[in-house]
Amino acid sequence: METEQGGHNSRGVSFKGNMLLRWEQRTIDEPSHRLESVEKNERVLKALLLSQDIHHEYADEPGERAAADLARVEAKLDLLLDMLSQLLRNEQRAATEASVLLWLEGASWLTADEQLPAVGDPLWLSLFIDSRLAQPLTLPAVVTEVKQQAAQSEIVVAFEVLDEPVEELLSRLIFRHHRRMIAQQKADRRSDS
């Protein structure tokens, strides 16, 4: 997923990237459905953060064998995740690719779809933040704005109150992307000099 710096604004730290998303109307939530959603979101966010950890290159260090063993296990897990993701992707309802701006309290995206939610509609917003994981992050949201922009519409949603573990993990993910974009911009400026 390509991302660009969202910067600081009234929305706080954010990041922008192309990702698959889908939305569906949300009815009154059953407590058991909310709990299941929270547990799934925690697993997805933990997997995203774990998969994006920086991998270290190991030279001739003591423990090089352990590092090599760990790398083999990691490669096998990556293969397993890829196979499972492909299987799940084939079974899931179609999602559309969009330019998404994500921040802790909400998200916005551009769409050319004719069917749009209305301001005030409660939604389940499913974001496939990393294409390697077929499981989306599915958050309860309310549409706060629908703006027409040329041939596209911008949909802006505010997330409903997120459970503390999900909010903390989402905050870490957003900040990590934000920090990486700043580092990339600095590296680009150095290479241009």
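Above this text is the structure in question.
Because the structure is predicted, anything quoted here is derived from the model rather than measured.

Visitor: I keep staring at the pairing of strand 3 (residues 96-103) and nothing clicks. Help me out?
Guide: With eight bridges joining them, strand 2 (residues 14-25) and strand 3 adopt antiparallel strand pairing. Looking at strand 3, one finds that K16 is bridged to L101. In this structure, strand 3 lies alongside strand 4 (residues 106-111), joined through four bridges in antiparallel fashion. Bridge pairing in strand 4 places W103 opposite G106. The hairpin formed by strand 3 and strand 4 contains two residues between the paired strands.

Visitor: Just checking my understanding: could you explain the nonpolar core for this structure?
Guide: In globular proteins that are soluble, nonpolar side chains generally tend to be buried together. Formed by 32 residues in total, the largest nonpolar core has its most connected members in L102, W109, L125, I129, V157, F159 and L170. Contributions of two or more residues to this core are made by strand 2, helix 1 (31-51), strand 3, strand 4, strand 5 (122-128), strand 6 (137-149), strand 7 (152-159) and helix 3 (164-192). Leave out the neighbours within four places in its chain, and W109 touches L21, W23, A98, S99, V100, L125, S153, E154, I155 and V157.

Visitor: Hey, could you run me through empty space enclosed by the protein in this one?
Guide: Taking a probe equal in size to a water molecule and rolling it over the atoms shows the remaining empty space. Tallied over the entire structure, the rule returns two cavities of 30 Å³ or more. Counted as a void, the largest cavity has a volume near 70 Å³. Going through the elements one at a time, helix 1 and strand 6 are the ones with two or more residues in the lining of the largest cavity. Of all the elements, helix 1 adds the most residues to the lining of the largest cavity, at four residues. Split by residue class, the lining of the largest cavity holds six nonpolar, two polar and two charged.

Visitor: What am I meant to see in helix 3 here?
Guide: Structurally, the α-helix is built with 3.6 residues per turn, so residues lying three or four positions apart point the same way. Between its terminal C-alpha atoms helix 3 stretches 42 Å, which fits the 42 Å expected from 29 residues at 1.5 Å a residue. Of all the positions in helix 3, only V166, L169, L170, L173, I174, R176, H177, H178 and M181 are classed as buried.

Visitor: Help me understand a negative patch on the surface, please; the structure alone is not making it clear to me.
Guide: On the surface, a cluster of negative charge is made up of E105, D163, E164, E167 and E168. Relative to the helices and strands, D163 resides in the loop between strand 7 and helix 3. Residue classification places D163 among the partly exposed residues on the basis of a relative accessible area of 35%.

Visitor: Can you help me understand the pattern of salt bridges in this one?
Guide: In a structure, side chains of opposite charge can pair up when their charged atoms sit close to one another. Within this structure, the stated rule accounts for three salt bridges. One salt bridge connects R26 with E160, and the closest N-O pair in it is separated by 2.8 Å. Here the residue R26 occupies a position in the loop between strand 2 and helix 1, and E160 occupies one in the loop between strand 7 and helix 3, the gap between them amounting to 134 residues. Residue E145 pairs with K147 through a salt bridge whose shortest N-O separation is 3.5 Å. Relative accessible area serves as the criterion here: at 32%, E145 is assigned to the partly exposed category. Since its relative accessible area comes to 34%, K147 is described here as partly exposed. Here the salt bridges do not stand alone but share partners, grouping E145, K147 and E154 into one network.

Visitor: Sorry, what's going on with the side chain of T138 here?
Guide: Take T138: it is sitting in strand 6. Within the structure, T138 has its side chain in polar contact with the side chain of S126 (distance 3.2 Å). Those residues in contact with T138 that sit more than four places away from it in its chain are S37, N41, W124, L125 and S126.

Visitor: What should I look at first to understand unusual backbone geometry in this one?
Guide: Apart from glycine, the bulk of residues carry a negative phi angle, and the bulk of peptide bonds sit in the trans form. Positive phi is not limited to glycine here, since A150 has a value of about 55°. Within the secondary structure layout, A150 lies in the loop between strand 6 and strand 7. For A150, a relative accessible area of 78% gives the class exposed.

The rules we used
Residues numbered from 1 in each chain as written. Predicted model: local features only at pLDDT ≥ 70, side-chain atom pairs only at ≥ 80, totals over all residues. Heavy atoms only, no water. Pairing = 2+ DSSP bridges. Helix = DSSP H or I, 4+ residues; strand = E, 2+ residues; numbered from the N terminus. Core = buried A, V, L, I, M, F, W, Y, C linked by side-chain atoms within 4.5 Å. Buried < 20%, exposed > 50% of the residue type's maximum accessible area, 1.4 Å probe, protein only. Contact = heavy atoms within 4.5 Å. 1 Å grid on protein atoms, 1.4 Å probe; cavity = no way out; pocket = protein on both sides within 12 Å on 5 of 7 lines; lining within 4 Å. Points joined across faces, edges and corners; volume = space filled by probe spheres on them. Nonpolar A, V, L, I, M, F, W, Y, C, P; charged D, E, K, R; others polar. Expected span 1.5 Å × (residues − 1). Patch = residues over 30% accessible without salt bridge, like charges linked within 9 Å, V, L, I, M, F, W, Y side chains within 5 Å. Areas by Shrake-Rupley, 256 points an atom, 1.4 Å probe, with all protein chains shown as cover. Salt bridge = Lys/Arg side-chain N within 4 Å of Asp/Glu carboxyl O. Lys, Arg positive; Asp, Glu negative; His and termini not counted. Charge placed at Lys NZ, Arg CZ, Asp CG, Glu CD. Polar contact = N/O pair within 3.5 Å; in protein donor to acceptor, adjacent residues only side chain to side chain.

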